Amino acid sequence: MRSVLTLNAGSSSLKFALYRAADLTLICKGQIENLGHLSDDSHTLFHARDAAGKALADAEIAGHEHAAALRYLLDWLDHQYQGLRPAAVAHRIVHGGPRFAEPLRLSDETLLALDALTPLAPLHQPHGLAGARSMLALLPEVAQIACFDTAFHRSQPELQQRFALPNWYFQQGVRRYGFHGLSYQYIAQQLPAHLGPAAEGRVVVAHLGNGASACALLGRQSMASSMGFTALDGLMMGTRCGRIDPGVLIYLQETLGMSVNEISQLLYQQSGLLGVSGLSHDMRTLSASPEPAAQLAIALFCQQAAREIAALCVAIGGLDALVFTAGIGEHHPRVRAEICRQLQWLGLDLDSAANQANAARISTATSSISAWVIATDEEAMLARAAAAYC
């Protein structure tokens, strides 16, 4: 039996999934937590579940390095599945820049080219590439496939990619790329099963998680996205600020004397839900907190999401359906309800009971705009790309 392994590496965690190559049936999936430079008394945790969600492993493993975690994962797979090793490995790589769009077999040359895009996605690019390099060393005979979060948005018209800067900058790659493309690609494929013929119409998908964005679809293709040149733009996120007046950045540097590194830390790691609340980046923690700052953070998150969703309607000439997905979008009825309330003027009538129950359709039967909750599956998109190399 041949299999494909998918890896989604972050700064402190690594998600994995194993599929049968022949039919992309899920075998197992899991996560390794507490990676990176953490305190000596913290433990790296390994969790694995089978396709039905039954626990296969919950263990502490030695070390905090991604390479050690990947070695542990491969050894565990060997033991659990009697020597089964993947025939291909797919890696989620956040930024492909203007050059890379289709899934790509990685080499030393392409890894160097992707390294150059790290300033555009500093929270994600280094970890995805580090995981790929580790797997190239551990499994040199196995195809390592990069799948790009920017790729789905290459269908956007040039008008939607442009900033109001001189043309030279656009030619140098300073343009709107969009992100969360693997998630949007999966949702686009699921739309017909939920919306029927309306799936080809004017749809906005809100990917709401620790990273958050929204994408306008027409004919199930990306027409515009809230994220732009980097994964900072658009919606407020767990620790990222979202859309901000660029004059603020000039003020921080020239008047407050902040360095570029300090500003980067502020925008990427100290803002968003964490920055406004002063408490946490986790929506679950904030929802349970009575602190006014926590409630302000939630209100601001919802307001900015509603504004970005409404703005995206311009790119597709209106709105037929709104889809919520990702961690917050799938599991937080309160957030969905507040965003829908602020979009009620568009003709969106929320079914409160369905929303509270996390039903698939959360709008009323008479609503002129339908609203949905659809679980995303980025790993399935990665597996499909890797299977082509088996």
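This text follows the structure it describes.
Being a predicted model, the structure only gives us computed values, none of them experimental.

(A) Molecular detail of the packing of helix α2 (residues 108-115) against helix α3 (residues 125-138). Put simply, α2 and α3 touch, their axes get as near as 10 Å, and they point 165° apart. If you check the angle between α2 and α3, you find them roughly antiparallel. Every pair of crossing elements has a handedness; the one defined by α2 and α3 is left-handed. Between α2 and α3, the residues in contact are Leu 111, Leu 112, Leu 114 and Asp 115 and Gln 125, Leu 129, Ala 132, Arg 133 and Leu 136, respectively. When grouped by side-chain class, the residues that make up the contact of α2 with α3 number six nonpolar, one polar and two charged.

(B) Seen up close, the sheet that holds strand β6 (residues 88-93). Reading across the sheet, the eight strands line up as β5-β4-β3-β2-β1-β6-β8-β7 and stay open at both edges, with mixed pairing between neighbours. Looking along the sheet, the strands with just one partner apiece sit at the ends: β5 (55-61) and β7 (104-105). Bridge analysis of strand β1 (residues 3-9) against strand β2 (residues 13-20) gives seven bridges, and the strand direction is antiparallel. Paired with Leu 7 across the strands is Phe 16, a residue of β2.

(C) Broad picture of α2. Among the residues of α2, those classed as buried are Thr 110, Leu 111 and Leu 114. Across the axial projection of α2, the buried residues extend over an arc of 105°, all falling on one side. Those residues of α2 that are exposed and aimed more than 90 degrees away from the buried face are Asp 108, Glu 109 and Leu 112. Packing partners of the buried residues in α2 comprise β7, α3 and β8 (143-148).

(D) Representation of the layout of surface pockets within the structure. One number sums up the size of the largest pocket: a volume of about 1700 Å³. Taken together, 47 residues form the lining of the largest pocket, with Ser 13, Lys 15, Gly 209, Asn 210 and Gly 211 sitting closest to its centre. Elements supplying a minimum of two residues to the lining of the largest pocket: β1, β2, β3 (26-33), α8 (260-269), α9 (272-277), α10 (283-288), α12 (326-331) and α15 (378-387). Among the elements that line the lining of the largest pocket, the one with the most residues is α12, at five residues. Broken down by class, the residue content of the lining of the largest pocket amounts to 14 nonpolar, 21 polar and 12 charged. Estimates place the volume of the second largest pocket at around 730 Å³.

(E) Quick look at the environment of Asn 358. Residue position: Asn 358 is located in the loop between α14 (352-356) and β13 (370-373). C-alpha of Asn 358 to C-alpha of Met 237: the two residues are 121 residues apart in sequence and 22 Å apart in space. Within the local environment of Asn 358, its side chain forms a polar contact with the side chain of Arg 336, the two groups lying 2.6 Å apart.

(F) Spotlight on the packing of helix α1 (residues 66-80) against α3. Where α1 contacts α3, the axes come no closer than 9 Å and their chain directions differ by 50°. Here α1 is positioned oblique relative to α3, judged by the angle of their axes. In this structure, the crossing between α1 and α3 has a hand that is right-handed. Of the residues in α3, those in contact with His 66, Ala 67, Leu 70, Arg 71 and Leu 74 of α1 are His 127, Gly 131, Ser 134, Met 135 and Leu 138. Here the residues of the contact of α1 with α3 are counted per class, giving five nonpolar, four polar and one charged.

(G) Quick look at unusual backbone geometry. For His 180, which is not a glycine, the phi torsion comes out positive at approximately 55°. Relative to the elements of secondary structure, His 180 occurs in the loop between α5 (167-171) and α6 (181-195). Of note, the phi angle at Asn 358 is positive, near 55°, even though the residue is not glycine. Among the residues examined, Asn 358 registers a relative accessible area of 35% and is labelled partly exposed.

(H) Representation of the packing of aromatic side chains in the model. What the rule picks out here adds up to seven aromatic pairs. A ring pair is formed by Trp 168 and Tyr 169, whose centres lie 5.0 Å apart and whose planes are at 90°; its orientation type is edge-to-face. One cation-aromatic arrangement involves Arg 162 over Phe 170; the distance from NZ or CZ to the ring centre is 3.9 Å. Here the guanidinium or amino end of Arg 175 rests over the ring plane of Phe 170, the centre of that ring lying 4.0 Å away.

(I) Molecular detail of the sheet that holds β13. Taken in spatial order, the five strands of this open sheet run β11-β10-β9-β12-β13, and their pairing is mixed. Edge strands, defined here as strands with exactly one partner in the open sheet, are β11 (221-225) and β13. Adjacent strand axes in the sheet meet at a mean angle of 25°, parallel and antiparallel pairs treated alike. Pairing of strand β9 (residues 202-208) with strand β10 (residues 212-218), which is carried by seven bridges, proceeds in the antiparallel orientation. By the bridge assignment, Val 205 is partnered in β10 with Cys 215. Contacts between helix α11 (residues 292-316) and the sheet are confined to β9, β10, β11 and β12 (321-325), with β10 contributing the most and set at about 20° to the helix.

Cut-off values and rules
- Residues numbered from 1 in each chain as written.
- Predicted model: local features only at pLDDT ≥ 70, side-chain atom pairs only at ≥ 80, totals over all residues.
- Heavy atoms only, no water.
- Axes fitted to C-alpha atoms, helices over the stretch in contact; angles between N-to-C directions.
- Helix = DSSP H or I, 4+ residues; strand = E, 2+ residues; numbered from the N terminus.
- Parallel < 35°, antiparallel > 145°, perpendicular 65-115°, else oblique.
- Left-handed = near helix turned anticlockwise from the far one by under 90°.
- Contact = heavy atoms within 4.5 Å.
- Nonpolar A, V, L, I, M, F, W, Y, C, P; charged D, E, K, R; others polar.
- Pairing = 2+ DSSP bridges.
- Buried < 20%, exposed > 50% of the residue type's maximum accessible area, 1.4 Å probe, protein only.
- Arc of directions from axis to C-beta.
- 1 Å grid on protein atoms, 1.4 Å probe; cavity = no way out; pocket = protein on both sides within 12 Å on 5 of 7 lines; lining within 4 Å.
- Points joined across faces, edges and corners; volume = space filled by probe spheres on them.
- Polar contact = N/O pair within 3.5 Å; in protein donor to acceptor, adjacent residues only side chain to side chain.
- Phe/Tyr/Trp six-rings, centres within 6.5 Å; stacked < 30°, edge-to-face > 60°.
- Lys NZ or Arg CZ within 6 Å of the ring centre and 35° of its normal.

Read these as spatial facts, not as claims about activity.
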